[in-house]
Amino acid sequence: MNPPILHLLNNCKTLRSLKSIHARLLIDNSVVLSDFVINKLLRLYSRFGATDYARKVFDEITQPNAHIWTSLIHGYVESRQYDESFSVFIYMRREPISVLNFTISSVLKALARLTRFKDGQAVYGFVLKYGFGFDLIVQNAVLDLFMRCGKVDVARLTFDEMCEKDIVSWNLMIFGYVNYDRVDIARNIFDRMPERNVVSWTSMICGYVKAGDMAEAQVLFDSMPVKDLASWNVMVSGYMDIGDCVNAKIIFGKMPIHDTGSWNIMISGFFKAGELESAKDFFARMPNKNVMSWGIMLDGCMKNGDIDGARCIFDQMPVKNLVTWSTMISGYARNGQPLNALELFERFKEQDIKPDETFILGIISVCSQLGIVDAAESIIHKYVRPSLLSDLRVVTSLIDMYAKCGNIEKALQMFEMAQPKDLLCYSTMIAALANHGLGHMAILLFETMQRANVKPDSVTFLGILTACNHGGLVDEGRKYFKQMTEEFGIQPSEKHYACVVDLLGRVGCLEEAYNLIRNMPIAPHSVVWGALLAACRVHCNVELAEVVAAELFKIEPDNSGNYILLSNIYAAVERWNSVAKVRAKIREHRVRKNKGSSWIELGHVVHEFVMGDMSHTDSDSILLILDLLCQDMKLSGCLIDP
């Protein structure tokens, strides 16, 4: 054994320096002198995450001993390459080498993390056969395996039969019972422990926190003889999980030290409770921020509707990874800002980052909202690998995208590719057919879905009711609405009621639609009343329109569309005094007309147009063409709305 070599290895802090030392050993031919040095090299390579280098070192050894085999197996386990560790163990068993207790415990740990109980049973048989059944390290590994594989009763039997138990044995049982929500049994074991350490206390507190019993968790926490950072963080997290920000702040304020995780727990909790300003305040006060801190802020702002705040955070981030780009782009898409999402995607393409499935799904959603098929096809060609087309989530997103881009044939092709089809896939296709006016096809697909023993949910029924609505299929609509409530026990939402009201209104069944609204078990919102008001305009039912409009003015007094619709109904029957009163009410309440907008895709570029906006570079040419079209329509005898 060479002391200078061991000194170098013991003080090695980086993979780069380890490779340098290893290279020097190879040049000096000193690596063959000691199995201890080889063992040290294997462990260090694994510790630095370079298990491939560790394997190369191992493969160069002609006759590795049990310690070297165990170092390689343990290295794979510590690097979370559990399958590799088990494969090496199988290979080791073919050699005439006696295994060590640490070999067995490492393999059992790998199988526990993989929850491979059958393989664990085989190794346990080996344990009993070769006399490791009374080895405490191995017995603890067996307990961990049984608990993680859900064999709680088997673990308890093994625990009770153990001749010797240490604090690890007791802690494993507490952790296992807590993990399976059996806090009462965990507490019984905790109370019986001959001695406890901070892990014992923290595990038990975790059990009460998980059960939502913060009162008992607090009592136990206050009784802890020594509190570590983990126990403080568990308490803060527990209070935040139940939305008790006040007590979370009190605990946080009493903490002797805070790590980045402590701050992250507080910020995440504030966002869950809807306290945006508190979250921003804590983030600003953080002494050290990591990638997770920035990610929590970004996601929290997005989910709470603070889009500008999220963008500000995103632009300030020192390091942007795939998750942050994906959060920002999908956040824009979810909050109805697909153009901003597309602009950000163009910036993403300049980064050297490979997108994953979640990112691709977000981009497909953006293209769906904008209806831009050319850009979508380009993205699919570049990012959607053939293997992803076997992923049902991706295929379902593509069905939705093609349908919203107007290509129902391509959507149907994608639907046929999906195998097997789940509820979301069927529901997406039914909604696509409904929105394209193919009501009968949607109904046929709905019946096919039920024959395939796929049970519909509220989303599916919304699609089928939309199909009936667009196709004017009143009897079918009544049938499916009744089936939804009586046969499947699904409580209709406002969207379902609005759909049926619109369907009845289209065919002039205004009284039936009005009675349906009056008998709703939930308070009707604007979308339901709005559907009936639109029907009143079609059928010129002024009396009912006035009743409906009065309800809408209470719910959304600033929505200009309701005033204009009522005004148009009065105008249709030439009640000009009533028209004047509605317009006076608009001025009185200072209601502003919502600006319309539209967009079009040309050459992979999206052009957006907003009413009254003259900022487009080709505005003059566009207005000229529009004027020429209007003149041509007048000459053709067409009536043009003012």
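Here, every reference points to the structure presented above.
A few points on the structure. What you see is a predicted model, and the numbers here were worked out from it, not measured in a lab. (Residues numbered from 1 in each chain as written. Predicted model: local features only at pLDDT ≥ 70, side-chain atom pairs only at ≥ 80, totals over all residues. Heavy atoms only, no water.)

1. Overview of the packing of helix 17 (residues 260–272) against helix 19 (residues 291–303)
Rules: Simply put, an axis is a line fit to the C-alpha atoms, just over the touching stretch for a helix, and the angle between two N-to-C directions goes from 0 to 180 degrees. Helix numbering and strand numbering both begin at the N terminus, where a helix is a DSSP run of H or I of at least 4 residues and a strand a DSSP run of E of at least 2. What sets the label is the angle itself: under 35 degrees gives roughly parallel, over 145 gives roughly antiparallel, 65 to 115 gives roughly perpendicular, and the rest give oblique. By definition in these notes, contact holds between two residues if any of their heavy atoms fall within 4.5 Å. Residues are sorted three ways: Asp, Glu, Lys and Arg are charged, Ala, Val, Leu, Ile, Met, Phe, Trp, Tyr, Cys and Pro are nonpolar, and all the rest, Gly among them, are polar.
Look at helix 17 against helix 19: their axes get within 10 Å of each other, and the N-to-C directions meet at 0°. Classified by the angle their axes make, helix 17 and helix 19 are roughly parallel. On helix 19, the residues touching Thr260, Asn264, Ile267, Ser268 and Phe271 of helix 17 are Met292, Ser293, Ile296, Met297, Gly300 and Cys301. Split into classes, the residues belonging to the contact of helix 17 with helix 19 amount to 6 nonpolar, 5 polar and no charged.

2. Considering the pattern of salt bridges
Test applied: Salt bridge, as used here: a side-chain nitrogen of Lys or Arg that lies within 4 Å of a carboxyl oxygen of Asp or Glu. Relative accessibility thresholds used throughout: buried, under 20% of the residue-type maximum; exposed, over 50%; partly exposed, between the two (1.4 Å probe, protein chains only).
One pass over the structure, following the stated rule, counts 23 salt bridges. Notably, a salt bridge pairs Arg156 with Asp160, separated by 3.3 Å at the nearest N-O pair. Taken together, the residues span about one helical turn, with Arg156 and Asp160 both in helix 10 (residues 152–161) at a distance of 4 residues. Measuring nitrogen to oxygen at the nearest pair gives 3.9 Å for the salt bridge that ties Glu551 to Lys554. In this pair, Glu551 and Lys554 both sit in helix 34 (residues 542–555), 3 residues apart, roughly one turn of the helix. According to the relative accessible area criterion, Glu551 is partly exposed, its value standing at 26%. Three or more residues joined by partner-sharing salt bridges are found here, namely Asp83, Arg116 and Asp119.

3. Points about the side chain of Ser293
For Ser293, the location among the structural elements is in helix 19. Ignoring anything within four residues of it in the chain, the contact list for Ser293 reads Thr260, Asn264, Phe283 and Met286.

4. Overview of unusual backbone geometry
Look at the link from Gln419 to Pro420: it is a cis peptide, with omega at -10°. We note that Glu574 has phi near 60°; this positive angle belongs to a residue other than glycine. Here Glu574 is to be found in the loop between helix 35 (560–572) and helix 36 (576–588).

5. Brief notes about the nonpolar core
Soluble globular proteins tend to bury their nonpolar side chains together. The criterion, for reference: Note on terminology: a nonpolar core comprises buried Ala, Val, Leu, Ile, Met, Phe, Trp, Tyr and Cys residues joined through side-chain atoms within 4.5 Å.
Counting 206 residues, the largest nonpolar core has Ile104, Ile205, Ile267, Met401, Met429, Ile464 and Leu532 as the members making the most contacts within it. If we ignore the near neighbours within four places in the chain, the residues touching Ile104 are Phe89, Val99, Val123, Phe126, Val127, Phe132 and Val138.

6. A short note on a nonpolar patch on the surface
Just so we agree on the cut-off: Residues forming no salt bridge and having over 30% relative accessible area are the ones grouped into patches, like charges within 9 Å of each other and nonpolar side chains (Val, Leu, Ile, Met, Phe, Trp, Tyr) within 5 Å. Using a 1.4 Å probe, the Shrake-Rupley method yields the accessible areas, and only the shown protein chains count as cover for residues.
Taken together, the side chains of Ile622, Leu623, Leu624, Ile625, Leu626, Leu628 and Leu629 define a hydrophobic patch exposed on the protein surface, amounting to about 620 Å² of accessible area. Checked against the element boundaries, Ile622 lands in helix 37 (residues 619–635).

7. Overview of helix 31 (residues 494–506)
Definition in use: Multiplying 1.5 Å by the helix residue count minus one yields the expected span of that helix.
An ideal rise of 1.5 Å per residue puts 18 Å on 13 residues; helix 31 measures up with 18 Å between its terminal C-alpha atoms. Among all positions in helix 31, only His496, Tyr497, Ala498, Cys499, Val500, Val501, Leu503, Leu504 and Gly505 are buried. Contacts from the buried residues of helix 31 go to helix 29 (458–471), helix 30 (474–486), helix 32 (510–518) and helix 33 (526–538).

8. Remarks on the packing of helix 32 against helix 33
Inclusion rule: Two helices crossing with the near one rotated counterclockwise from the far one by less than a right angle form a left-handed crossing, whereas a clockwise rotation gives a right-handed crossing.
Two elements in contact, helix 32 and helix 33, have axes whose closest approach is 11 Å; the angle formed by their N-to-C orientations is 165°. With respect to each other, helix 32 and helix 33 are oriented roughly antiparallel. The chirality of how helix 32 crosses helix 33 is left-handed. Every residue of helix 33 that contacts helix 32 at Leu510, Ala513, Tyr514 and Ile517 is listed here: Val528, Trp529, Leu532, Ala535 and Cys536. Here the residues of the contact of helix 32 with helix 33 are counted per class, giving 9 nonpolar, no polar and no charged.

9. Concerning the environment of Phe86
As for its placement among the helices and strands, Phe86 is situated in helix 6 (residues 82–93). Excluding its chain neighbours within four sequence positions, the residues that come into contact with Phe86 are Val107, Leu111, Arg116, Asp119 and Val123.

10. What to know about the packing of aromatic side chains
Basically, it comes down to this: Pairing of aromatic side chains requires ring centres within 6.5 Å, counting the rings of Phe and Tyr and the six-membered ring of Trp. Pairs whose planes differ by under 30 degrees are stacked, by over 60 edge-to-face, and all others tilted.
Overall, the coordinates contain 28 aromatic pairs when judged by the stated rule. Ring centres of Phe345 and Phe348 lie 6.4 Å apart, and the angle between their planes is 20°; this geometry places the pair in the stacked category. Here Phe345 and its partner Phe348 are both found in helix 22 (residues 338–348), 3 residues apart, which amounts to about one turn of the helix. This pair shows no difference in class: Phe345 is buried, exactly as Phe348 is. Geometrically, the ring pair formed by Tyr514 and Trp529 is tilted, given 6.3 Å between the ring centres and 50° between the ring planes. Placement of the pair is Tyr514 in helix 32 and Trp529 in helix 33, with a sequence separation of 15 residues. By relative accessible area, Tyr514 is classed as buried at 17%. Cluster of aromatic residues (ring-pair linked, three or more members): Phe314, Trp325, Phe345, Phe348 and Phe359.

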